[in-house]
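For reference, the chains in residue letters:
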Amino acid sequence: MTHLKPIARPGEPMLACKARTSVMIPLGPDSIPAEFVGFDGLDGLEHIAIRFAGRNSDPARPTLVRLHSECLTGDVFSSRRCDCGEQLHEAIGMLAEEGGVLLYLRQEGRGIGLYAKLDAYRLQDQGADTYEANRLLHLPEDARDYTIGARMLQAIGVTHIRLLTNNPDKIAQLKDAGIDVAEVSRTGVYVTDANRAYLQAKVRHHHLLNPLALIADAAAGMGEEGLGITASE
Ligand SMILES: [Zn+2]
């Protein structure tokens, strides 16, 4: 599957990232029109950009962009251990309305891969938090690299953006890679019984900067206090 030519190996000059095939795919019960774009010159993984024209896009505003890292369990199987699926669908809903770009990055398990994520889940069941589990497996807490996202955006001519994120690391990495992050819009945080500890760990480790935008799962009956977060931002 890793037939894409990587950007560069150590000692090699950086290759240009270029858009490859693009094709329209209607999404969901409303058949939202979405243009899927592949790339040449990435890091060996099949990252994808999905462009939405939007029902009510405002050309005067910077392009709305969401970088979503792949989460098979959350995105496809609606896992309750994280809120990735909810965040993905919230982003698609906003992009269908306002127009913009979703980058779907193949960085499963914060970059450690699916099997290692399952290993980490096992350790979490024994009491470790999501970051401690990675350390116990001798894996980085967060191996995600968003500079690849910056290259994809530059390849499709989107460099002045409104970023949809709660993650300060995403903002910093994109800016460092030459993207003009003119505005930041926060995403919702979706709390359930099963993902509460995971979200608390994200706040403690500064991977979540939006404690006030919590959208409590009505069934779980929890809100900001349920996460033990103070409004210190
Ligand atoms: Zn997830």
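The rules we used
Residues numbered from 1 in each chain as written. Predicted model: local features only at pLDDT ≥ 70, side-chain atom pairs only at ≥ 80, totals over all residues. UniProt positions renumbered as here; feature names shortened; annotations may be inferred. Helix = DSSP H or I, 4+ residues; strand = E, 2+ residues; numbered from the N terminus. Buried ≥ 20, exposed ≤ 12 C-beta atoms within 10 Å, placed from the backbone. Contact = placed C-beta atoms within 7 Å. pLDDT = per-residue confidence, 0-100. Core = buried A, V, L, I, M, F, W, Y, C linked by C-beta atoms within 7 Å. Pairing = 2+ DSSP bridges. Axes fitted to C-alpha atoms, helices over the stretch in contact; angles between N-to-C directions.

Looking up the chain in an unreviewed UniProt entry gives the name GTP cyclohydrolase II, with the organism given as Acidisoma cellulosilyticum. Quoted verbatim from the Sequence similarities (unreviewed entry) field of UniProt, the annotation for the chain is "In the N-terminal section; belongs to the DHBP synthase family."

*Asks:* Is there a simple way to explain the overall build of the chain in this structure?
*Replies:* Within the chain, the regular secondary structure consists of 8 helices and 9 strands. Among the 233 residues that make up the chain, the fraction classed as buried is 30%. Once local pairs closer than 6 in sequence are excluded, the contacts in the chain between residues at least 24 apart make up 61%.

*Asks:* Which parts of the structure should I look at to understand the confidence of the model for the chain?
*Replies:* Atom-level detail of predicted coordinates should not be read off regions where pLDDT is low. Summarising the model, the chain shows a mean pLDDT of 82, and 80% of its residues fall at 70 or more. Averaged pLDDT values over the elements of the chain bottom out at 40 in helix H8 (residues 224-227) and peak at 98 in strand S3 (residues 48-52). Long-range and interchain partners of residues 1-7, a stretch whose pLDDT sits below 50, account for 17 contacts in this model, where long-range means more than four residues apart. Contacts of residues 210-233 to residues separated by more than four positions or lying in other chains number 47 contacts, the stretch itself having pLDDT below 50.

*Asks:* How should the nonpolar core be read in this particular structure?
*Replies:* Nonpolar side chains in soluble globular proteins tend to be buried together. Counting residues in each nonpolar core, the largest one holds 30 residues, and the members touching the most others are Val65, Leu95, Val101, Leu102, Leu103, Met152 and Leu153. At the level of secondary structure, the elements contributing two or more residues to this core comprise S3, strand S4 (63-69), helix H2 (84-98), strand S5 (100-105), helix H5 (147-155) and strand S6 (160-164). Per-element accounting of this core gives the leading share, 5 residues, to H2. If we ignore the near neighbours within four places in the chain, the residues touching Met152 are Cys17, Phe39, His47, Ala49 and Leu103.

*Asks:* I would appreciate a short explanation of the sheet that holds strand S7 (residues 180-185) in the present structure.
*Replies:* Sheets are built from strands paired through backbone hydrogen bonds, the pairs being either parallel or antiparallel. As summarised here, the arrangement of the 7 strands in space is S1-S2-S3-S5-S4-S6-S7, forming an open sheet in which the pairing is mixed. With partners counted over all chains shown, the strands left at the sheet margins are strand S1 (18-27) and S7, one partner each. Between one strand axis and the next, the sheet turns by 30° as a mean value, whatever way the strands run. Relative to S5, S4 is paired through 5 bridges, and the arrangement is parallel. Bridged to Ser69 within S5 is Leu105. The strands that H2 touches are S1, strand S2 (32-40), S3, S4, S5 and S6; relative to S4, the one it contacts most, it runs at about 160°. Packed on one face of the sheet, helix H6 (residues 168-176) meets S4, S6 and S7 and runs near 165° to S7.

*Asks:* Got a minute to help me understand unusual backbone geometry in this structure?
*Replies:* Negative phi values dominate among residues other than glycine, just as trans dominates among peptide bonds. In this structure, Ser31 is a non-glycine residue whose phi angle is positive, near 50°. By the secondary structure assignment, Ser31 is in the loop between S1 and S2. Residue Ser31 is classed as exposed on the basis of its C-beta count, with 9 C-beta atoms lying within 10 Å. At His138, a residue that is not glycine, the phi angle is positive and equals roughly 60°. With 6 C-beta atoms counted inside 10 Å, the residue His138 sits in the exposed group.

*Asks:* How should I be thinking about H5 in this particular structure?
*Replies:* Because each turn of an α-helix spans 3.6 residues, side chains separated by three or four positions end up pointing in the same direction. Inspection of H5 places Ile148, Gly149, Ala150, Arg151, Met152 and Leu153 among the buried residues, and these make up the whole buried set. Each element contacted by the buried residues of H5 is listed here: S2, S3, S4, S5 and H6. One or two residues past the end of H5 sits Gly157, with phi positive at roughly 75°.

*Asks:* Whenever I open this one, the pairing of S3 confuses me. Can you help?
*Replies:* It is a general feature of regular strands that their side chains alternate between the two faces of the sheet. Across the 5 residues of S3, 4 count as buried, placing the element largely inside the fold. Note that S2 and S3 share 3 bridges and pair antiparallel. Residue pairing for S3: Glu35 is matched across the bridge by Arg51. As judged from the 5 bridges shared by S3 and S5, these two strands associate in the antiparallel manner. Directly across from Ile50, in S5, lies its bridge partner Leu102.

*Asks:* Can you walk me through the environment of Gly74 in this structure?
*Replies:* As for its placement among the helices and strands, Gly74 is situated in helix H1 (residues 72-76). Sequence-wise, Gly74 and Gly85 are 11 residues apart; in three dimensions their C-alpha atoms are separated by 4.8 Å. In contact with Gly74, other than residues within four places in its own chain, are Ser79, Cys82, Cys84 and Gly85.

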